[in-house]
Amino acid sequence: MASSRRRHHHFFTRGRWLIPAITVASIFLLLFFFLSILAPSPNGNRIFLLPHRDSSGENDDAEDSPLPVPAKEKVSKRDMWSSRNSNLFYGCSDASKKFRKAQDITHPNRYLSIVTSGGLNQQRTGITDAVVAARILNATLVVPKLDKSSYWKDSSVFSDIFDVDWFIKYLANDVSVVKELPLRKGQIWLPYRMRVPRKCSDRCYIHRVLPVLKKKHAVQIMKFDYRLANSLDTDLQKLRCRVNYHAVKFTDPILRMGEKLVHRMRMKSKHFIALHLRFEPDMLAFSGCYYGGGDKEREELGKIRKKWKTLPESHPDKARRHGRCPMTPEEVGLMLRSLGYGEDVHIYVASGETYGGNETLTPLKTLFPNFYTKDTLASKDELAPFSAFSSRMAALDFIVCDESDVFVANNHGNMAKILAGRRRYFGHKPTIRPNGRKLFRVFLNKNHMSHKEFVYRINKYQKGFMGEPKEVSPTWGVFHENPYSCICEKVDNSTQGEISNSTSRVETFTRVTTTDYDPDTPDDPEVDVLLSD
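Residues numbered from 1 in each chain as written. Predicted model: local features only at pLDDT ≥ 70, side-chain atom pairs only at ≥ 80, totals over all residues. Heavy atoms only, no water.

**Considering the overall build of the chain**
In plain terms, the rule: Runs of E in the DSSP output that reach at least two residues are strands. Runs of H or I that reach at least four are helices, and both are numbered from the N terminus. Burial classification: accessible surface area is computed with a 1.4 Å probe over protein chains only, and a residue below 20% of its type maximum counts as buried, one above 50% as exposed, and the rest as partly exposed. Residues count as neighbours in contact if any of their non-hydrogen atoms are within 4.5 Å of one another. Values of accessible area rely on a 1.4 Å probe in the Shrake-Rupley scheme; residue burial ignores everything except the protein chains shown.
Assigned secondary structure in the chain consists of 21 helices and 13 strands. Taken across its 533 residues, the chain has 51% of its residues classed as buried. Taking contacts inside the chain between residues at least 6 apart in sequence as the whole, the part at least 24 apart equals 80%. Element-wise, carbon and sulfur atoms account for 55% of the exposed surface of the chain, whose accessible area totals about 26900 Å².

Here it is as structure tokens:
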């Protein structure tokens, strides 16, 4: 009986302390529950602002760093002003021993003439391919004629933009080049005019052009833009590189003015970014994209779009999903800031008339206050010899973009492609190609994600689009953008010789597929003209 009372007293004593403890715990649980309901979601709507980030890549806001990344994906912080392992790669375009001299293979009385299309950069691809076409045909090349009647309406001839004597001299061992067709029986010789299909292979030239050339002796191919296949024999590809990267040189006045602009940028900052910004009304009109300007934008761009009869009905959402829409100035600025370039970075902008004017450029200027163009770096008097000619003005921008520490474009046009290839050939300087297919969703939803997540996604989707060596396979892109046959890799001291990037080494590359980026050139020549600068 006594034992029973002791047990009862024991349970009563323990229960007396247990009940208050349960009550307190319940109150805390209820309080946590209500606070979790009232607290805002971390990914909810918020004002989207990038914190200050200096050019070293350090974030002033330690709390607002990118989302955690699994340990296996962590990499050391990259150098924003150079490409990793770029010192192991170099341009190699010398002809092989089996590539015969021009004087040994050129047939007398066989001349090839071409007329380029579009602006400066489309013309440049035509000039390069024309030299290779002449080599395929064992013909003498007449110095190419430049397009004077297209959208750009530039009256310049070859020698106004390029050093013609250097062009002829440099190529002497590869192709015979003359400035004009010789007289025929004392009279001006008018060549036979013809067209060839786009991306015509070497066999295509042998079957389509050579029979006519043998009969007429002088042939002029009209609308010579992308009229040579992307894939050719290695020696012909290397000839392409010798033309594009060595033989085609700007005239001294253009080079001197371009060097002045570069020097003035260097005086302002040790490093600088060059941005090729295509956001002109015509460019946006033909792209068929929509940028949120309402009925006014649709009406203005729709009216311009009617100038091109061959353009299909526009589908803005589809174009955006496929990465075909030029990025806005603000989007480019947000991308660069997310990649670590701070507001103290100096930026040179190569652009024409911007749709929306200063209102459109203001967000970019806010993100990068050190904002320059050739018009702000040079006086009107200095630019006067060039300002009336669109191709010569484009050449000045080309030089500054080529010499920049980092190059970025908001489009996939001809200048962006040519500079990407050129910068690969001359040391893999960082060249940022926006991954439009992936980035469009990030920008679309930027107000519904935290800054951390935004930065994380930008960096994730731009991996493989930064101009690094071995970033892409030889099967990717047009040759002017990815001159894989002309990029060699240094080997260690234990092995003599060099390794050339070729299709036999595809497995060593980090692939960028066409589902991520569409490098193909449009099939409409009128559309190409707009992309050419």
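**Examining the state of the cysteines**
We count it as follows: By definition, disulfides here are pairs of cysteine sulfur atoms that lie within 2.5 Å.
Under the defined criterion, the tally for this structure stands at four disulfides. Between Cys-92 and Cys-488 runs a disulfide, and the two sulfur atoms are separated by 2.0 Å. Around the S-S axis, the bridge from Cys-92 to Cys-488 shows a dihedral of about 85° and counts as right-handed. Remark: Cys-488 occurs in strand 12 (residues 487-490) and Cys-92 occurs in the loop between strand 1 (89-91) and helix 2 (102-105); sequence separation between them is 396 residues. The class for Cys-92 is buried, based on a relative accessible area of 8%. Among the residues examined, Cys-488 registers a relative accessible area of 1% and is labelled buried.

**Digging into the sheet that holds strand 2 (residues 111-114)**
Worth spelling out the cut-off: A pair of strands counts as paired when DSSP detects no fewer than two bridges linking them.
In space, the five strands of this open sheet follow the order 4-3-2-6-5, with parallel pairing throughout. Edge positions in the open sheet fall to strand 4 (177-178) and strand 5 (192-194), since each of these has one partner strand only.

**Section: the sheet that holds strand 11 (residues 431-432)**
Rules: Here the axes come from fitting lines to C-alpha atoms, over the contacting stretch only for helices, and the angles between their N-to-C directions go from 0 to 180 degrees.
The strand order across the open sheet built from five strands is 9-8-7-10-11, with neighbouring strands paired in parallel fashion. Looking at strand neighbours, the two that pair on one side only are strand 9 (371-372) and strand 11, the edges of this open sheet. Pairing geometry for strand 7 (residues 272-277) and strand 10 (residues 406-409), over four bridges, is parallel. By the bridge assignment, Ala-274 is partnered in strand 10 with Phe-407. Across the face of the sheet, helix 17 (residues 390-403) comes into contact with strand 7, strand 8 (346-351) and strand 10 while running at roughly 145° to strand 8.

**Topic: unusual backbone geometry**
Glycine aside, residues mostly have negative phi angles, and peptide bonds mostly take the trans form. Even without a glycine there, the phi angle at His-217 is positive, about 70°. In this structure, His-217 sits in the loop between helix 7 (210-216) and strand 6 (218-221). One non-glycine residue, Tyr-226, lies in positive phi territory at about 55°. Since its relative accessible area comes to 8%, Tyr-226 is described here as buried.

**A look at a nonpolar patch on the surface**
Put simply, the rule is: Every patch collects residues that have over 30% relative accessible area and no salt bridge, joining them within 9 Å if they carry like charges and within 5 Å if they are nonpolar side chains (Val, Leu, Ile, Met, Phe, Trp, Tyr). Salt bridge, as used here, is a side-chain nitrogen of Lys or Arg placed within 4 Å of a carboxyl oxygen of Asp or Glu.
Together, Leu-183, Ile-188 and Leu-190 give the surface a local cluster of nonpolar side chains, amounting to about 400 Å² of exposed area. Residue position: Leu-183 is located in the loop between strand 4 and strand 5.

**A look at helix 11 (residues 294-305)**
Selection rule: In this analysis, the expected span of each helix is defined as 1.5 Å times one less than the number of residues it contains.
Compared with an ideal rise of 1.5 Å per residue, which puts 12 residues at 16 Å, helix 11 spans 16 Å between its outermost C-alpha atoms and is within 8% of the ideal. Against helix 10 (281-287) lie the buried residues of helix 11.

**Section: the environment of Leu-334**
By the element assignment, Leu-334 lies in helix 13 (residues 329-338). Separated by 29 residues in sequence, Leu-334 and Pro-363 place their C-alpha atoms 9.2 Å apart.

**Structural notes on the packing of helix 17 against helix 18 (residues 414-425)**
In helix packing, the relevant descriptors are the interaxial angle and the interaxial distance, both defined with respect to the helix axes. The cut-off we apply is this: For classification, angles of less than 35 degrees are called roughly parallel, those exceeding 145 degrees roughly antiparallel, those between 65 and 115 degrees roughly perpendicular, and all remaining angles oblique. When the near helix sits turned anticlockwise from the far one by under a right angle, the crossing is termed left-handed; a clockwise turn instead gives a right-handed crossing.
For the pair helix 17 and helix 18, interaxial distance at closest approach is 10 Å and the crossing angle is 40°. One way to sum up the angle between helix 17 and helix 18 is to call them oblique. Here the hand of the crossing between helix 17 and helix 18 comes out right-handed. The segment helix 17 lies against helix 18, with Asp-397, Phe-398, Cys-401 and Asp-402 engaging Met-415, Ile-418, Leu-419, Arg-422 and Arg-423.

**A word on the pairing of strand 8**
In terms of burial, strand 8 is a largely internal element, five of the six residues being buried. Relative to strand 8, strand 7 is paired through six bridges, and the arrangement is parallel. When the bridges of strand 8 are listed, Ala-274 appears paired with Tyr-348. Pairing between strand 8 and strand 9: two bridges, direction parallel. From the neighbouring strand, Ile-347 faces strand 9, where its bridge partner is Phe-371.

**Examining the packing of aromatic side chains**
Condition: Ring pairs are drawn from Phe, Tyr and Trp, using the six-membered ring of Trp, whenever the two centres fall within 6.5 Å, and their geometry is named by plane angle: stacked under 30 degrees, edge-to-face over 60, tilted for the rest.
In total, this model carries 13 aromatic pairs according to the counting rule given. Arranged with centres 5.2 Å apart and planes meeting at 50°, the rings of Phe-158 and Phe-162 form a pair that is tilted. Like Phe-158, the residue Phe-162 is buried in the burial classification. Pairing Phe-158 with Phe-167 gives two aromatic rings, centres 5.1 Å apart and planes at 55°, and the pair type is tilted. Comparing Phe-158 with Phe-167 shows no difference in burial state: the two are buried.

**Structural notes on the pattern of salt bridges**
Oppositely charged side chains are able to pair whenever their charged atoms sit close together. If you walk through the whole model with that rule in mind, you get 19 salt bridges. A salt bridge links Arg-392 to Asp-160; its shortest N-O distance comes to 3.5 Å. Pair noted here: Arg-392 is in helix 17 and Asp-160 is in helix 4 (residues 158-161), with a separation of 232 residues, a long-range link. Judged by its relative accessible area of 13%, Arg-392 is buried. The class of Asp-160 is partly exposed, set by a relative accessible area of 30%. The closest approach of N and O atoms between Lys-307 and Asp-282, which form a salt bridge, is 2.9 Å. Residue Lys-307 is found in the loop between helix 11 and helix 12 (316-321), and its partner Asp-282 is found in helix 10; the two are separated by 25 residues along the sequence. Accessibility expressed as a relative area gives 13% for Asp-282, which makes it buried. Each of Arg-198, Asp-225 and Arg-227 takes part in a single network of salt bridges with overlapping partners.

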